[in-house]
2 protein chains.
Amino acid sequence: MDVKIALLGAGKVGQGFLANLRKRREQLSSRYGITFQLVSICDLAGGSIISPTGLKISEILPILENNGSLVEYEPSGQVCVKGMDVNACIEMSHADVVLESIVFNQETGEPALSYIRKALGLRKHVVTCNKGPVSMHYKELTSLAKANGVRFLFGGTMMNGTPVINIISNSFRADEVREIRGVLNVSANYILWAMEQGLSYEEGIKEARHLGYLEADASLDLEGHDSLAKLVILLNILTNGDFPSHQIVREGITQITSRDIGLGMERGLRYKMMVGAARSEDGQWQGQVGLQKLEESDPFYNLDKTRNALLIRTETVGDIYLEGPGAGKIRAGNALLSDLLSIYAT
Amino acid sequence: MDVKIALLGAGKVGQGFLANLRKRREQLSSRYGITFQLVSICDLAGGSIISPTGLKISEILPILENNGSLVEYEPSGQVCVKGMDVNACIEMSHADVVLESIVFNQETGEPALSYIRKALGLRKHVVTCNKGPVSMHYKELTSLAKANGVRFLFGGTMMNGTPVINIISNSFRADEVREIRGVLNVSANYILWAMEQGLSYEEGIKEARHLGYLEADASLDLEGHDSLAKLVILLNILTNGDFPSHQIVREGITQITSRDIGLGMERGLRYKMMVGAARSEDGQWQGQVGLQKLEESDPFYNLDKTRNALLIRTETVGDIYLEGPGAGKIRAGNALLSDLLSIYAT
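Here the structure is a predicted model, which is why all the values come from computation and not from measurement.

> Please clarify how the overall build of chain A should be interpreted in this entry.
The secondary structure content of chain A amounts to 13 helices and 13 strands. The globule rule puts the C-alpha radius of gyration for 346 residues at 20 Å, and the 21 Å found for chain A is close to it. Projected onto its principal axes, the C-alpha coordinates of chain A cover approximately 70 × 45 × 40 Å. Out of the 346 residues in chain A, the part that is buried amounts to 58%. For chain A, the proportion of contacts with a sequence separation of at least 24, taken over those separated by at least 6, is 70%. Here chain A has roughly 14000 Å² of accessible surface; of this, 47% comes from carbon and sulfur atoms. If the 35 positive side-chain charges of chain A are averaged to one point and the 40 negative ones to another, these points end up 5 Å apart.

This is the structure:
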């Protein structure tokens with residue numbers, strides 16, 4: 001089967017997707033009989049390109065990795081159209097699936113949101129790794145996908161390839177999730193660990209930035225917005241609706257001091273940036289995001305500085321704990337590919 | 001949608017399934033629009049019964065829980081046929097799905113195997129919680145299901161509702177699993193913990209039996225057969241074939257002494273009954289089942305006495321750790337219901 005794909009956003013995650021696709025291409029063809037054709041790449045910053053016959057990833061990827069842009073790319077021996085806007089690319093590329101990893105405004109989810117709407121409306125499957133549209137417009141986008149007979153997948157929005165979205169969505173149909181609790185932001189987790197090693201808050205931030213753990217706008221991580229958006233996505237799935245994020249108490253790690261960390265350690269306590277939500281008997285969920293002082297018996301106490309984890313407490317099965325890596329653009333790109341395969345490979 | 005189901009085996013797991021179905025019935029109807037009709041129960045020991053109009057679970061379940069058998073059950077106001085053999089029940093019950101939880105021979109997988117073959121051949125979906133048929137005849141049964149356009153599901157064969165089969169089967173299409181390692185037998189895990197608390201091996205067995213953790217034939221747990229079968233199922237999925245179980249080095253916990261446990265504890269080491277398998281560069285898997293002495297840094301060191309866990313190491317995503325409850329017939333019954341819903345509920 002030939003599957004035509006369009007990639008929106010050619011940043012690190014988009015490049016990670018392309019690197020994974022290039023690496024796995026033959027394996028996917030022999031194992032599932034699927035050949036992916038990259039018929040378009042569009043980037044707000046880097047220009048756009050459409051090729052009905054398929055772009056050569058081996059040519060494109062090194063250019064993106066070096067220049068971050070395809071503006072100067074001149075394809076050889078391919079029919080290509082360059083310089084169209086993203087909407088035109090979605091409309092004209094004949095893609096079966098749109099992979100969306102474009103930069104978006106944290107307040108509005110735009111322009112990612114509009115691109116997803118357009119693609120779903122044109123009966124194209126959409127795979128995204130962007131939290132904004134999924135946390136803010138879950139109900140609309142899942143309904144739109146359903147009405148158009150296509151899939152809307154977002155496994156790459158958290159935990160970097162650990163299949164937490166798949167599990168929350170599909171594994172408890174015969175059960176009832178009562179509570180979730182987890183560490184979903186790797187930079188806060190890392191900074192708190194660094195402070196335990198004696199670094200100041202500012203030094204911790206510097207290290208986290210150096211390691212690529214921080215968002216470009218660090219306040220998204222440090223003030224808990226990133227954790228909040230992830231928690232809201234989980235609650236959207238669990239409630240099959242748009243969970244009102246303003247109802248979630250949010251606190252960041254910006255108030256933490258080395259003294260707090262030290263006093264905690266003296267008492268055997270460890271600070272973690274947690275998300276949590278519980279369902280009351282009447283079916284209402286209450287959630288919070290913020291620092292917690294954990295005792296050694298807590299399942300998150302020993303969670304490594306670079307990892308994420310989620311505890312899912314259900315009525316019948318009980319406590320399920322899932323842990324995986326917290327960062328990595330290659331892994332995020334792999335999550336896009338994994339979602340893509342879940343549409344076609346069986 | 002009306003779905004007709006036949007239940008083979010009315011032991012604790014079958015009863016657990018019925019209890020879960022009774023509890024969730026209205027919820028499943030309102031949430032997914034599915035109504036399940038129990039058109040047959042067949043038990044090797046307890047007799048069989050077919051009802052085209054559907055048996056009343058609220059009548060049947062208390063009788064099963066009290067008598068372990070439906071031999072003396074006289075349904076009121078329903079058209080029923082009693083006393084047919086299991087094959088006849090599969091053939092004549094008009095079930096869409098056969099749920100299989102019947103006792104089977106550990107050497108041959110029979111009669112569970114033949115019943116599964118028959119049901120799949122008649123284009124009925126099959127959901128089983130029995131390890132034998134899946135560990136010994138995976139390739140044949142999955143191919144038979146595919147050829148007949150039906151599903152063959154076995155999420156209840158391990159980890160009691162923790163979605164490990166789902167994850168191993170569906171979450172790494174874009175990745176490559178390199179290694180798995182875990183604790184999949186709760187009775188061995190419990191006995192080793194009990195010995196750390198000062199009990200002898202025999203006392204540990206007695207307690208595990210009292211708590212319902214041991215199979216009727218305790219050697220299945222103590223000699224590692226149960227762990228082996230679970231490891232083979234995972235390897236069958238990963239290799240998409242029948243993994244030769246004789247190639248797996250198997251050791252039980254029967255040689256362990258209180259002195260071993262004590263010496264380990266003095267050095268900060270803890271014994272766990274582990275399964276493990278790794279894939280070499282040339283794609284070959286090698287596996288083993290047996291006791292390991294774990295250091296405190298090992299992810300399984302602090303695993304609770306009643307829980308199971310699996311570490312999945314992949315090429316791209318890295319280490320994913322999944323932990324959940326190890327025992328419970330209600331949970332095993334819930335796993336059957338969960339698989340059943342994954343066929344029909346979307």
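Further notes follow.
> Would you mind going over the sheet that holds strand S12 (residues 307-314) of chain B with me for this structure?
Each strand in a sheet pairs with its neighbour through backbone hydrogen bonds, running either in the same direction (parallel) or in the opposite one (antiparallel). Within the open sheet, the 12 strands sit side by side as S9(A)-S11(A)-S10(A)-S8(A)-S12(A)-S13(A)-S13(B)-S12(B)-S8(B)-S10(B)-S11(B)-S9(B). Their pairing is mixed. Because the sheet does not close on itself, it has two edges, and the strands there are strand S9 (249-250) of chain A together with strand S9 (249-250) of chain B. As judged from the 4 bridges shared by strand S8 (residues 177-183) of chain A and strand S10 (residues 270-279) of chain A, these two strands associate in the antiparallel manner. What sits directly across from A:Ile180, in S10(A), is A:Ala277.

> Explain the packing of aromatic side chains here, please?
Each aromatic ring pair is summarised here by two numbers: the centre-to-centre distance and the angle between the ring planes. Counted under the stated rule, the structure contains 11 aromatic pairs over all chains. Each ring, one from A:Phe152 and one from A:Phe154, has its centre 5.6 Å from the other, and the planes form 50°; the classification is tilted. The same class applies to A:Phe152 and to A:Phe154, which are both buried. Note on A:Tyr190 and A:Trp193: the rings are 5.4 Å apart at their centroids and 50° apart in plane angle, and the pair reads as tilted. Of the two residues, A:Tyr190 and A:Trp193 both sit in helix H8 (residues 186-196), 3 residues apart, roughly one turn of that helix. By relative accessible area, which is 28% here, A:Trp193 ends up partly exposed. One aromatic cluster is present, formed by A:Phe300, A:Tyr321, B:Phe300 and B:Tyr321 through successive ring pairs. Positioned over the ring face of A:Trp193 is A:Lys305, at 4.5 Å from the centre of the ring.

> It is not clear to me how helix H9 (residues 201-210) of chain B should be interpreted in this structure. Could you clarify?
Within an α-helix, residues lying three or four positions from one another point in the same direction, as the helix has 3.6 residues per turn. Residue and element names in this part refer to chain B. Turning to H9, its buried residues are Tyr201, Gly204, Ile205 and Ala208. One side of H9 carries all its buried residues, which in axial view fall inside an arc of 100°. Residues of H9 that are exposed and point more than 90 degrees away from the buried face comprise Glu202, Lys206 and His210. Turning to H9, the residues buried within the fold contact helix H8 (186-196) and helix H10 (219-222).

> Looking at this structure, I do not really get the interface of chain A and chain B. What am I missing?
Many authors give the size of an interface as the accessible area that is lost as the parts come together. With 38 residues of chain A at the interface, the matching set in chain B holds 38 residues. Summed over both sides, the interface between chain A and chain B buries roughly 3200 Å², with carbon and sulfur atoms accounting for 45% of that surface. At the boundary of chain A and chain B, one finds 10 salt bridges. When the shortest N-O distance is used, the salt bridge between A:Arg24 and B:Glu315 registers 3.6 Å.

> Got a minute to help me understand the environment of B:Gly14 in this structure?
Residue and element names in this part refer to chain B. Along the chain, the position of Gly14 falls in helix H1 (residues 12-32). Owing to a relative accessible area of 1%, Gly14 belongs among the buried residues under this scheme. Through-space distance from the C-alpha of Gly14 to that of Ile330 is 8.9 Å; in sequence the pair is 316 residues apart. Those residues in contact with Gly14 that lie beyond four places of it in its chain are Leu7, Gly9 and Ser101.

> Honestly, the environment of B:Arg178 in this entry has me stumped. Any pointers?
Residue and element names in this part refer to chain B. With respect to the secondary-structure elements, Arg178 resides in strand S8 (residues 177-183). Residues Arg178 and Arg259, spaced 81 residues apart in sequence, show a C-alpha to C-alpha distance of 35 Å. Dropping the residues within four chain positions of it, Arg178 is found in contact with Ala277, Ala278, Arg279, Glu281, Trp285, Arg313, Thr314 and Glu315. A polar atom in the side chain of Arg178 sits 3.0 Å from the side chain of Glu315.

> Teacher, can you tell me more about the packing of H8(A) against helix H12 (residues 258-266) of chain A here?
Angle between the axes and distance between the axes are the two parameters that describe a pair of packed helices. Residues and elements named next belong to chain A. In contact at an axis separation of 9 Å, H8 and H12 are set at 75° when each is read in the N-to-C sense. Relative to H12, the element H8 is oriented roughly perpendicular. Where H8 approaches H12, its residues Leu192, Met195 and Glu196 are matched on the opposing element by Ser258, Ile261 and Met265. Across the contact of H8 with H12, the residue classes break down as 4 nonpolar, 1 polar and 1 charged.

> Got a minute to help me understand the relation of the copies chain A and chain B in this structure?
Note on the copies: chain A fits chain B at an RMSD of 0.0 Å, the axial shift is 0.0 Å, and the rotation between them is 180°. The relationship between the two copies is best expressed as a two-fold rotation axis. Across chain A, the smallest distance between a C-alpha and the rotation axis is recorded for A:Leu322, namely 2.3 Å. Comparing contact sets, 100% of the residues at the interface of chain A also lie at the interface in chain B, consistent with an isologous, same-surface contact.

> Would you explain the sheet that holds strand S6 (residues 125-128) of chain B in this entry?
All names here are of chain B. On the basis of which strands lie adjacent, the open sheet formed by 7 strands has the order S4-S3-S2-S1-S5-S6-S7 and mixed pairing. Edge positions in the open sheet fall to strand S4 (81-82) and strand S7 (152-153), since each of these has one partner strand only. Relative to S4, strand S3 (residues 47-50) runs antiparallel, the two sharing 2 bridges. Counterpart to Ile50 in the pairing with S4 is Val81. Together, strand S1 (2-8), strand S2 (35-43) and strand S5 (97-100) form the strand contacts of H1, whose direction differs from that of S2 by roughly 170°. Contacting S1, S5, S6 and S7, helix H4 (residues 112-121) runs over the sheet at an angle of about 155° to S6.

> Quick question: what am I supposed to make of the pattern of salt bridges here?
Side chains that differ in sign of charge can pair as their charged atoms come close. All names here are of chain A. All chains considered together, the criterion is met by 40 salt bridges over all chains. Taking the shortest distance from any N to any O, the salt bridge between Arg313 and Glu179 comes out at 3.5 Å. In this pair, Arg313 sits in strand S12 (residues 307-314) while Glu179 sits in strand S8, placing the two residues 134 residues apart along the sequence. What makes Glu179 partly exposed here is its relative accessible area of 27%.

> Would you mind showing me how to read the pairing of strand S11 (residues 285-294) of chain A here?
Both faces of the sheet carry side chains from a regular strand, because those side chains alternate between them. All names here are of chain A. The pairing of S9 with S11 spans 2 bridges and is classified as parallel. Across the sheet, Val249 pairs through a bridge with Gln288, a residue of S11. As paired strands, S10 and S11 are joined by 10 bridges and run antiparallel to one another. Counterpart to Ala278 in the pairing with S11 is Gln286. Counting the residues between successive antiparallel strands, the hairpin from S10 to S11 contains 5 residues, one of them, Gly283, with a positive phi of roughly 90°.

Criteria and thresholds
- Residues numbered from 1 in each chain as written.
- Chains lettered and ligands numbered in written order.
- Predicted model: local features only at pLDDT ≥ 70, side-chain atom pairs only at ≥ 80, totals over all residues.
- Heavy atoms only, no water.
- Helix = DSSP H or I, 4+ residues; strand = E, 2+ residues; numbered from the N terminus.
- Rg over C-alpha atoms; globule rule 2.2 N^0.38 Å.
- Buried < 20%, exposed > 50% of the residue type's maximum accessible area, 1.4 Å probe, protein only.
- Contact = heavy atoms within 4.5 Å.
- Areas by Shrake-Rupley, 256 points an atom, 1.4 Å probe, with all protein chains shown as cover.
- Lys, Arg positive; Asp, Glu negative; His and termini not counted.
- Charge placed at Lys NZ, Arg CZ, Asp CG, Glu CD.
- Pairing = 2+ DSSP bridges.
- Phe/Tyr/Trp six-rings, centres within 6.5 Å; stacked < 30°, edge-to-face > 60°.
- Lys NZ or Arg CZ within 6 Å of the ring centre and 35° of its normal.
- Arc of directions from axis to C-beta.
- Buried area = accessible area lost by both parts, 1.4 Å probe.
- Salt bridge = Lys/Arg side-chain N within 4 Å of Asp/Glu carboxyl O.
- Polar contact = N/O pair within 3.5 Å; in protein donor to acceptor, adjacent residues only side chain to side chain.
- Axes fitted to C-alpha atoms, helices over the stretch in contact; angles between N-to-C directions.
- Parallel < 35°, antiparallel > 145°, perpendicular 65-115°, else oblique.
- Nonpolar A, V, L, I, M, F, W, Y, C, P; charged D, E, K, R; others polar.
- Least-squares fit on C-alpha atoms with pLDDT ≥ 70 in both.

As far as function goes, none of this settles anything; it's purely spatial.
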